[in-house]
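Next come the chains, spelled out residue by residue.
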Amino acid sequence: MADVTHDAVHTEHVTSTGLSSTKLAMWLFLASECLLFGGLITAYVLYRGQSTTGPYPQDVFDIGYTSVSSFVLLASSLTMVLSHNAALARDYARMRLWLLGTAMLGLTFVGGQVFEFTTFYHEGLSIKTNLFGSTFFTLTGFHGVHVTVGILMLLILVVLSFRGALSDDPAFPVEMVGLYWHFVDIVWIVIFTLVYLIPSPKPPGVP
Amino acid sequence: MASVTVSTQKGILRRPMATTGFWSWFTTVDHKKIGILYGVSSFAFFLIGGGEALLIRSQLAKPGNTLLNADQYNQIFTMHALTMIFLFVMPMSAAFFNYLIPLMIGARDVAFPRLNALSFWVFLLGALFLNSSWFLGGAPDGGWFAYAPNSVVDPGNGMTFYAIGLLITGIASTVGAINLAITVINMRAPGMSMFRMPVFVWMGLVVQFLLAFSLPIITVALFQLLFDRRWGTAFFDPTRGGEPILWQHMFWLFGHPEVYILILPAFGIISEILPVFARKPLFGYQFVVFSGIAIGFIGFGVWAHHMYAAGLGPVANTAFGISTAIIAIPTGVKIFNWMGTLYGGDLHFASPMLFAIGAVAMFVIGGLSGVTHSIVPSDYQQTDTYYIVAHLHYVLFGGAVFGIFGGMYYWWPKVFGRMLNEAWGKVQFWILLIGFNLAFAPMHILGLGGMIRREYTYPASLGLTVWNQVSSVGAFTIALSVLLFIINVVRTQAKKRALETDDPWDARTLEWTTPCPPPAYNFAEVPTVHSLDEFWHRKYAEDETGRLVRVPAGASGEAHPTADGHGIHLPSPSFWPLVISLGFPLLGYGVLYSWWLIGAGAVVIVVGLIGFVLEPSVAE
């Protein structure tokens, strides 16, 4: 993914499929990522309601709060598209603005996650407390790291665009980072639904 | 010489330019040099893993032996497996794929040359990290599949090294897999359609997809194991509701595709060697290709046959027994195709051919013993005994390692411009074949006689002594054969270039149209491909009676390029892949020892990635 700027230049004109190698590589990488999140989500779902001690999901979740931060993250997919559109229109000032906007929304989401993790920790839920803590923090933590990597890529794109190093076609690297960004957003939809929205069965004996 | 574009940028982001000399190996992005780096380092690990095997066989050479204690034995057999699988066969396959795939499809390099360098350096540093555990309190000792909760409660740092070491080499393999898969899909020369690709390239493509889709699964499991060990999570802790069986599922969901990751490259090598030395096209090319693809798919649906004894119940065991029996079909198709290729051929028993036939024959034995434990009740008798050890060595040593040796003899002149000595090669083959069967055939008998896998010693009263001694003699015979190979290599490399022709085997595929060794740019002119076995058809046509006649040199436009490749743009070397990869062991030691090191590792990786992105492109 870090390769978006250079190798694309060379591989684009003559490829066997006519598609950019960088784009194909990004798709294959995302396909591989599906199995990574698949494994993490499987572990969460398998262990739902299996914790032997509290706190349980219903004790700590604040659905309203997380809904807002989820909305912020999903909104960033829109700004990502807008920045790609601006790049296609060769309006680079607007492209930078939307890239920065996307990064800011991403940062808001990650900041919200840090706050949420801290709150949970103070309410007695850590990664070692019980199965819920282990699976929850691992799954959402991996997602948070992915968002953070995405933010870094967005910021690098902005820096590169100022250096004039985005090759002849800035829309292309923006599109590549966009693919990754949308993927991370879509994964969050799955996580938010499975982890937060669908209520976890209570273990026997818990009121 | 190819011109290497001089970058105008100054300072730290300036790209290194040297393409020769000692230091150029650290910055090279040439797929051929990276292939050689992979080959040399994985062969070094082969010798280390082999040394560990000799220690195991020395310990088992007599009952009640005290050469090693139980703890040392556990570490040595675990590291023997990890080294042979992750640090030898996988990277050695990567060596062949890296070197040969671009040459076979008529490309000048892989799709992402710098990522290629990155995947090599991350692999090497991950491998060194894993082996550094020997000096830091003890190596992993929980077996290569590290069953939980044993691997969680295991004291010492060994299993933590296991988790982190495999995570790092897994990252290397994922990067390499994406790169090579895209190379095959997108970098083919004009006319090189998917069904004109050599079978070796096809097997390479299947392996890269297997890697890309199975490694993330073990990545998750390794993180869970690591978190359980290091940060007290409850994933595999039964006292807190965790289920150790989850580890087994995750491990084998990766572990079984891994088996095909190990063997398919050898299948590809065999499929290249047999037609050349039988002087016939591969029999049923499409069948070989599609059965390889089928193996790739079905390989994801058989994992629980490793877990019959875990108590999944009769329904699951039956289902996985059936799918396991089914996967024998495409494998059998390949065997028959290879036999069909040999049938009626004009057979030349040069060393590559001997190794290829040896690989097929030994793999058949291992495959058949594999079918015996696809049957659940039979497996109950065999699981965790030496019968399994015999089976896995027949497929992995008999199949993969024989194939790899065949590939080395076959492509050595291509890579180094010198022929390995044929007489030595044949002697090496026969000693290896005898030693291999002496070492592993008795394990069938030992296993059925009740010898448990992984026990560090046995009492004389069990009557296992004789066959164990035969096996140990076999192990040292294998070592002798490997020693002969090394002497052969040293003798060959000490000679001046002694190759009269660039096509010593009268081969069939594109890589032999280039000089030996190929120039940095591979092809002075990108070839146009008209058929499967392109090079063969450039050399031979059929007369009216159907007999082969040689096409006069130059008549088919194959004329050895007189162009000197001037003006071909090649990617400049880069040191950022090495910088990035240095961050991974730092992260690893950080997890073990200090948050400061984690921070340092993360900084190195991020700085390296930024440098990687910002360094000037060669096009400037």
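Engineer: What am I meant to see in the overall build of chain A here?
Structural biologist: For chain A, the helix and strand inventory stands at seven helices and zero strands. Starting at the N terminus, the α and β elements of chain A follow one another as α-α-α-α-α-α-α. By principal-axis analysis of the C-alpha atoms, chain A measures approximately 65 × 35 × 25 Å. The buried share among the 207 residues of chain A stands at 42%. If you take every contact in chain A between residues at least 6 apart in sequence, the share linking residues at least 24 apart comes to 80%.

Engineer: Whenever I open this one, the overall build of chain B confuses me. Can you help?
Structural biologist: Helix and strand content of chain B: 18 helices and two strands. Scaling as 2.2 N^0.38, a compact globule of 620 residues should have a C-alpha radius of gyration of about 25 Å, and chain B matches this with 25 Å. Seen through its C-alpha atoms, chain B measures out along the principal axes to roughly 75 × 65 × 50 Å. Among the 620 residues that make up chain B, the fraction classed as buried is 55%. Of the contacts formed within chain B by residues at least 6 apart in sequence, a portion of 82% connects residues at least 24 apart.

Engineer: What is the right way to read helix α14 (residues 422-448) of chain B from this model?
Structural biologist: Given 3.6 residues per turn, any residue in an α-helix points the same way as the ones three and four places further on. All names here are of chain B. Between its terminal C-alpha atoms α14 stretches 39 Å, which fits the 39 Å expected from 27 residues at 1.5 Å a residue. In α14, a bend of some 25° at L438 exceeds every other bend along the element, and P442, a proline, comes one to four places later. Looking one or two places after α14, you find G450, whose phi comes out positive at around 105°.

Engineer: Looking at this model, I keep getting lost on the nonpolar core. Mind explaining?
Structural biologist: For soluble globular proteins, the rule of thumb is that nonpolar side chains tend to be buried together. Residue and element names in this part refer to chain B. Formed by 236 residues in total, the largest nonpolar core has its most connected members in I105, A181 and I270. Once you skip the residues sitting within four places of it in the chain, I105 turns out to touch V184, M187, R188, A189, M192, M197 and V201. Residues A520, F523, I568 and L570 belong to the second largest nonpolar core, which totals five residues.

Engineer: So what exactly am I meant to see when it comes to the environment of F575(B) here?
Structural biologist: Residue and element names in this part refer to chain B. By the secondary structure assignment, F575 is in the loop between β2 (548-550) and α17 (576-593). Along the primary structure F575 and I261 are separated by 314 residues, whereas in three dimensions their C-alpha atoms are 29 Å apart. If we skip the residues at most four places from it in the chain, F575 touches P16, F26 and T27.

Engineer: Could you clarify how one ought to interpret the interface of chain A and chain B in this entry?
Structural biologist: Interface size is often expressed as the accessible area that is lost when the parts come together. At the interface, 36 residues of chain A touch 35 residues of chain B. When residues of the side of chain A that touches chain B are traced back to their parent elements, those giving at least two are α1 (7-11), α2 (21-46) and α6 (131-162) of chain A.

Engineer: What is the right way to look at the packing of helix α11 (residues 351-372) of chain B against α14(B) in this model?
Structural biologist: Residues and elements named next belong to chain B. For the pair α11 and α14, interaxial distance at closest approach is 9 Å and the crossing angle is 10°. With respect to α14, the element α11 is oriented roughly parallel. Side by side, α11 and α14 meet where S351, L354, F355, G358, M362 and S369 of the first sit next to E422, G425, K426, F429, L433, F436 and H444 of the second. A class-by-class count of the residues in the contact of α11 with α14 yields six nonpolar, five polar and two charged.

Engineer: What is the right way to read the confidence of the model for chain B from this model?
Structural biologist: Segments scoring low in pLDDT should not have their predicted coordinates read at a detailed level. Here chain B averages 91 in pLDDT, while 94% of its residues score no lower than 70. Under a pLDDT of 50 for its full length, residues 1-9 of chain B has, in the predicted model, 23 contacts with residues more than four places off or in other chains.

Engineer: So what exactly am I meant to see when it comes to helix α5 (residues 92-122) of chain A here?
Structural biologist: Residues and elements named next belong to chain A. Compared with the 45 Å implied by 1.5 Å per residue over 31 residues, the 45 Å span of α5 between its first and last C-alpha is a close match. When we look at burial in α5, the residues that qualify are M95, W98, L99, T102, A103, L105, G106, F109 and F120. Residues of α5 that are buried in the fold lie against α3 (57-60), α4 (63-88), α6 and α7 (171-197). Once α5 ends, the next one or two residues include G124, with phi positive near 100°.

Engineer: Even after reading the chapter, I still don't get the environment of F200(B), so can you show me in this structure?
Structural biologist: All names here are of chain B. Along the chain, F200 turns up in helix α7 (residues 199-231). Owing to 25 C-beta atoms within 10 Å, F200 belongs among the buried residues under this scheme. Between the C-alpha atoms of F200 and M104, which are 96 residues apart in sequence, the distance is 8.8 Å. Setting aside chain neighbours within four positions, we find F200 in contact with L100, M104, G268, I269, S271 and E272.

Engineer: Before we go on, may I ask you to explain the packing of α2(A) against α7(B) in this structure?
Structural biologist: Geometry of a packed helix pair, given as the angle between the helix axes and the separation of the axes. Between α2(A) and α7(B), the shortest axis-to-axis distance is 8 Å and the interhelical angle comes to 35°. Regarding α2(A) and α7(B), the two cross each other, and that crossing is right-handed. In this structure, α2(A) contributes L28(A), A31(A), S32(A), E33(A), L35(A), L36(A), G39(A), L40(A) and A43(A) to the contact, and α7(B) contributes A212(B), F213(B), P216(B), I217(B), T219(B), V220(B) and Q224(B). Along the lines of polarity and charge, the residues of the contact of α2(A) with α7(B) split into eleven nonpolar, four polar and one charged.

Engineer: It is not clear to me how the environment of G450(B) should be interpreted in this structure. Could you clarify?
Structural biologist: Residues and elements named next belong to chain B. On the secondary structure map, G450 appears in the loop between α14 and α15 (465-494). G450 gets classed as partly exposed once you count the C-beta atoms within 10 Å, which come to 13. For the pair formed by G450 and F26, sequence separation is 424 residues and the distance between their alpha carbons is 50 Å.

Engineer: Is there a simple way to think about unusual backbone geometry in this case?
Structural biologist: Keep in mind that most residues, glycine aside, have a negative phi and that most peptide bonds are trans. A cis amide bond links G54(A) with the next residue in sequence, P55(A), at an omega value of -5°. P517(B) follows C516(B) through a cis peptide bond whose omega is -10°. Among the structural elements, P517(B) can be located in the loop between α15 and α16 (534-539). With phi around 60°, D384(B) is a residue other than glycine that occupies positive phi space.

Engineer: How do you make sense of the confidence of the model for chain A when you look at a structure like this?
Structural biologist: Residues and elements named next belong to chain A. On average, residues of chain A score 89 in pLDDT, and 90% of them are at 70 or above. The least confident element of chain A is α1, whose mean pLDDT is 42; the most confident is α2, at 96. Confidence over residues 1-12 falls short of pLDDT 50; this stretch has 37 contacts with residues more than four positions distant or in other chains.

Cut-offs used in this document
- The numbering scheme is per chain: residues are counted from 1 as the chain's sequence reads.
- Each chain gets a letter, beginning with A, and each ligand a number, beginning with 1, in the order they are written.
- Thresholds applied to this predicted model are a pLDDT of at least 70 for local features of residues and 80 or more for the giving and counting of side-chain atom pairs; totals over whole chains, interfaces and linings are not thresholded and use all residues.
- Under the scheme used here, helices are H or I runs from DSSP no shorter than 4 residues and strands are E runs no shorter than 2 residues, and both carry numbers assigned from the N terminus.
- Neighbour counting defines burial: a residue surrounded by 20 or more other C-beta atoms within 10 Å of its own C-beta is buried, one with 12 or fewer is exposed, and intermediate counts give partly exposed, using backbone-placed C-beta atoms.
- Placing a C-beta atom from the backbone of each residue, one calls two residues in contact when those atoms lie within 7 Å.
- The globule rule is 2.2 Å times the number of residues to the power 0.38, and the radius of gyration it is compared with is taken over C-alpha atoms.
- Residue count minus one, scaled by 1.5 Å, sets the expected span of a helix.
- In this analysis the local bend is the angle between axes fitted, respectively, to the seven residues ending at and the seven residues starting at the residue.
- Core membership is restricted to buried Ala, Val, Leu, Ile, Met, Phe, Trp, Tyr and Cys residues, and these are joined into a nonpolar core through C-beta atoms within 7 Å.
- For helices, the axis comes from a line fit to the C-alpha atoms of the stretch in contact; other axes are also lines fit to C-alpha atoms, and the angle between any two N-to-C directions lies between 0 and 180 degrees.
- Each angle receives one of four descriptions, namely roughly parallel if under 35 degrees, roughly antiparallel if over 145, roughly perpendicular if within 65 to 115, and oblique otherwise.
- Three residue categories are used. Nonpolar comprises Ala, Val, Leu, Ile, Met, Phe, Trp, Tyr, Cys and Pro, charged comprises Asp, Glu, Lys and Arg, and polar comprises the others, including Gly.
- pLDDT is a per-residue confidence score from the predictor, ranging from 0 to 100.
- For a crossing to be left-handed, the near helix must be turned anticlockwise from the far one by less than a right angle; the clockwise case is right-handed.

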